[in-house]
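Structure assessment
Here's the letter readout for the chains.
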Amino acid sequence: MKIGILALQGSYYNHKHYFEQIGVETLLVKKPEQLDEIDGLIIPGGESTAIRRLIDRYHFMKDLKSFCSSKPVFGTCAGMILLAKENIGYPTHIGVLNVRLKRNAFGRQVHSFEETVHLKDIGDVEGIYIRAPYVEVAGDEVDVLGKHKDAIVAVKQNNILATSFHPELTEDYKIGKYFINLVDKYIKGE
Ligand code: GLN
């Protein structure tokens, strides 16, 4: 199994380290053709507008859309924004995750916070929120995995996992292992 991390901008090195700690092989994905070499993809946090600009500059969009429509993908924070079908007041990017998302929903950088969040099928995880979005409306096929107060902060839709928070900045590997398990199921065709 090889996990690719979209390495255009943002916290991709932290993700690489995080998945290496779990013991899985990783690949920093900087060119569209590298998507053929991986079994699952991480779209990291960072700045969604900047990542989108680089997606266009390196002609990633077509291949990213097809990867994210069929293979396991995990978007964190800006990654969740990039995956969403609707970003209130902002453009849609990859547009495969059926949610209406509110960007910068918890306030500015100074309002960053950490709080334990309970996730369905995963357990309690440490949530780090940095200018994070939340899901305002989730489509019928979207499984809500966790909430912070009333805000939806973790979702799963078939092959797609997305969180508002940054697991890669913690040493809590539960959600990473959950994703690896999902990738494993896709490899085995389950
Ligand atoms: N606020 C950023 C955005 O809109 C996301 C921040 C993050 O990924 N930590 O893209």
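Before any of the text, the structure's been laid out above.
Overview of the overall build of the protein chain
A count of helical and extended segments in the protein chain gives 5 helices and 12 strands. Expressed as lengths along the three principal axes of its C-alpha atoms, the size of the protein chain is roughly 40 × 35 × 30 Å. Looking at the protein chain as a whole, 53% of its 190 residues are labelled buried. Carbon and sulfur atoms make up 45% of the accessible area of the protein chain, which amounts to about 8,800 Å² in all. Seen as two clouds, the 24 positive and the 25 negative side-chain charges of the protein chain have centres 5 Å apart.

Points about the site of the ligand
In the vicinity of the ligand, the residues found are Gly45, Gly46, Glu47, Ser48, Cys77, Ala78, Ile81, Arg103, Asn104, Ile130, Arg131 and His166. If the ligand stood free it would expose 300 Å²; the protein chains cover 96% of that surface. Taken together, the residues of the shell around the ligand break down into 4 nonpolar, 5 polar and 3 charged.

A word on the pairing of strand S2 (residues 25–29)
Burial analysis of S2 places 4 of its 5 residues in the buried class, which makes it a mostly covered element. Inspection of the sheet shows strand S1 (residues 2–6) paired to S2 by 5 bridges, in the parallel sense. From the neighbouring strand, isoleucine 5 faces S2, where its bridge partner is leucine 28. A crossover links S1 with its parallel partner S2, the connecting element being helix H1 (residues 12–22), and its sense is right-handed.

Looking at the packing of H1 against helix H5 (residues 174–188)
As a packed pair, H1 and H5 sit with axes 10 Å apart at the nearest point and diverge in direction by 75°. The pairing of H1 with H5 is recorded here as roughly perpendicular in orientation. Of H5, the residues touching H1 (which contributes Tyr18, Phe19 and Ile22) are Lys174, Ile175, Gly176, Lys177, Phe179 and Ile180. Partitioned by chemical class, the residues of the contact of H1 with H5 number 6 nonpolar, 1 polar and 2 charged.

Description of the pattern of salt bridges
Tallied over the full model, the rule gives 9 salt bridges. Among the salt bridges present, the one from glutamate 86 reaches arginine 100, with a minimum N-O distance of 3.3 Å. Within this pair, whereas glutamate 86 is found in strand S5 (residues 84–87), its partner arginine 100 is found in strand S6 (residues 97–102), the two being separated by 14 residues in sequence. A residue is classified by how much of its surface remains accessible, and glutamate 86, at 36% relative accessible area, is partly exposed. Exposure remark for arginine 100: the relative accessible area of 34% places this residue in the partly exposed category. Close ionic contact of lysine 174 with aspartate 172 constitutes a salt bridge, the shortest N to O distance being 3.3 Å. Look at lysine 174 and you get partly exposed, because its relative accessible area is 35%.

What counts, and where the lines are drawn
- Residues numbered from 1 in each chain as written.
- Predicted model: local features only at pLDDT ≥ 70, side-chain atom pairs only at ≥ 80, totals over all residues.
- Heavy atoms only, no water.
- Helix = DSSP H or I, 4+ residues; strand = E, 2+ residues; numbered from the N terminus.
- Buried < 20%, exposed > 50% of the residue type's maximum accessible area, 1.4 Å probe, protein only.
- Areas by Shrake-Rupley, 256 points an atom, 1.4 Å probe, with all protein chains shown as cover.
- Lys, Arg positive; Asp, Glu negative; His and termini not counted.
- Charge placed at Lys NZ, Arg CZ, Asp CG, Glu CD.
- Near = heavy atom within 4 Å.
- Nonpolar A, V, L, I, M, F, W, Y, C, P; charged D, E, K, R; others polar.
- Pairing = 2+ DSSP bridges.
- Right-handed = clockwise from strand over helix to strand, strands pointing away.
- Axes fitted to C-alpha atoms, helices over the stretch in contact; angles between N-to-C directions.
- Parallel < 35°, antiparallel > 145°, perpendicular 65-115°, else oblique.
- Contact = heavy atoms within 4.5 Å.
- Salt bridge = Lys/Arg side-chain N within 4 Å of Asp/Glu carboxyl O.

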